[in-house]
Amino acid sequence: MGIIFGVSELLLLILKRSKKSGVKASNDGRSLPFLWIIITACIIIGPLITKRQALGAINSTITLPAGIIIVIAGFITRWITIIQLGSMFTVDVAISNSHVLKTNGMYKLVRHPSYLGLMLIIAGLAVLLNNWLSFIIIVIPISIVLNYRMLVEEKALTGEFGDQYLSYMQKVKRIIPFIY
């Protein structure tokens, strides 16, 4: 599952970068390379910790199906979001000339459903390791860098859409429906 995740994210990186000609504004805040570095490091270190130290392992008859279900839910959430955004989806933070504020579909539930999907994938992969320390090493740093990324994106969207985006922010939670 980790390989499928890596390949899909690499394909997105290659195929869904913004094109200079159609971009009105672009300010990634260097969050994309930072995100890739942290995710890669955590995905490498987490399994290494699991191999060296069995800490707080739970019965794998629970963690195996739970992890798979969480990963699949993450892939579904992330790819539905990418499909719903269509040409507006880019891996770098960019506002295209034809950009419109998306507030329907998955965006009716949360402001960053693609990141919700990504977090579910990451959490599911961490659950599959069946080790609490590995889970913490994977999930916490990636959550922190994703939170930074969301702030960068929200700054760009507020700059482009102003009060319309601020109003949307008040109505719709960031990443966990009705909670956060």
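Residues numbered from 1 in each chain as written. Predicted model: local features only at pLDDT ≥ 70, side-chain atom pairs only at ≥ 80, totals over all residues. Heavy atoms only, no water.

### Focus: the pattern of salt bridges
Counted only if it meets this: We define a salt bridge as a side-chain nitrogen of Lys or Arg found within 4 Å of a carboxyl oxygen belonging to Asp or Glu. Only DSSP runs of H or I with at least four residues qualify as helices, and only runs of E with at least two residues qualify as strands; both kinds are numbered from the N terminus onward. For every residue, the accessible area obtained with a 1.4 Å probe (protein chains only) is divided by the maximum for its type, and the residue is called buried under 20%, exposed over 50%, and partly exposed between those limits.
One pass over the structure, following the stated rule, counts three salt bridges. In this structure, glutamate 154 and arginine 111 form a salt bridge, with 2.8 Å as the shortest nitrogen-oxygen distance. A residue pair is termed long-range when its members are at least 10 positions apart, and glutamate 154 in helix 5 (residues 132-161) and arginine 111 in the loop between strand 2 (94-96) and helix 4 (113-128) qualify at 43 residues. Judged by its relative accessible area of 9%, arginine 111 falls in the buried class. Measuring nitrogen to oxygen at the nearest pair gives 2.7 Å for the salt bridge that ties glutamate 154 to arginine 174. In this pair, glutamate 154 is assigned in helix 5 and arginine 174 in the segment after helix 6 (163-171), connecting sequence segments 20 residues apart. Both residues of the pair, glutamate 154 and arginine 174, belong to the buried class. Bridged by salt links that share partners, the residues Arg111, Glu154 and Arg174 form one connected network.

### Focus: the environment of isoleucine 72
Within the secondary structure, isoleucine 72 sits in helix 3 (residues 60-85). A sequence separation of 52 residues divides isoleucine 72 from glycine 124, and the C-alpha atoms of the two residues are 8.3 Å apart.

### Focus on the side chain of serine 134
Applicable threshold: Contact criterion: two residues are considered in contact whenever any of their non-hydrogen atoms come within 4.5 Å of each other.
The topology assignment puts serine 134 in helix 5. Relative accessible area serves as the criterion here: at 0%, serine 134 is assigned to the buried category. Ignoring sequence-local partners within four residues, the contact set of serine 134 consists of Gly46, Ile49, Thr50 and Leu129.

Interpretation note: all reported values are geometric properties and have no functional meaning in isolation.
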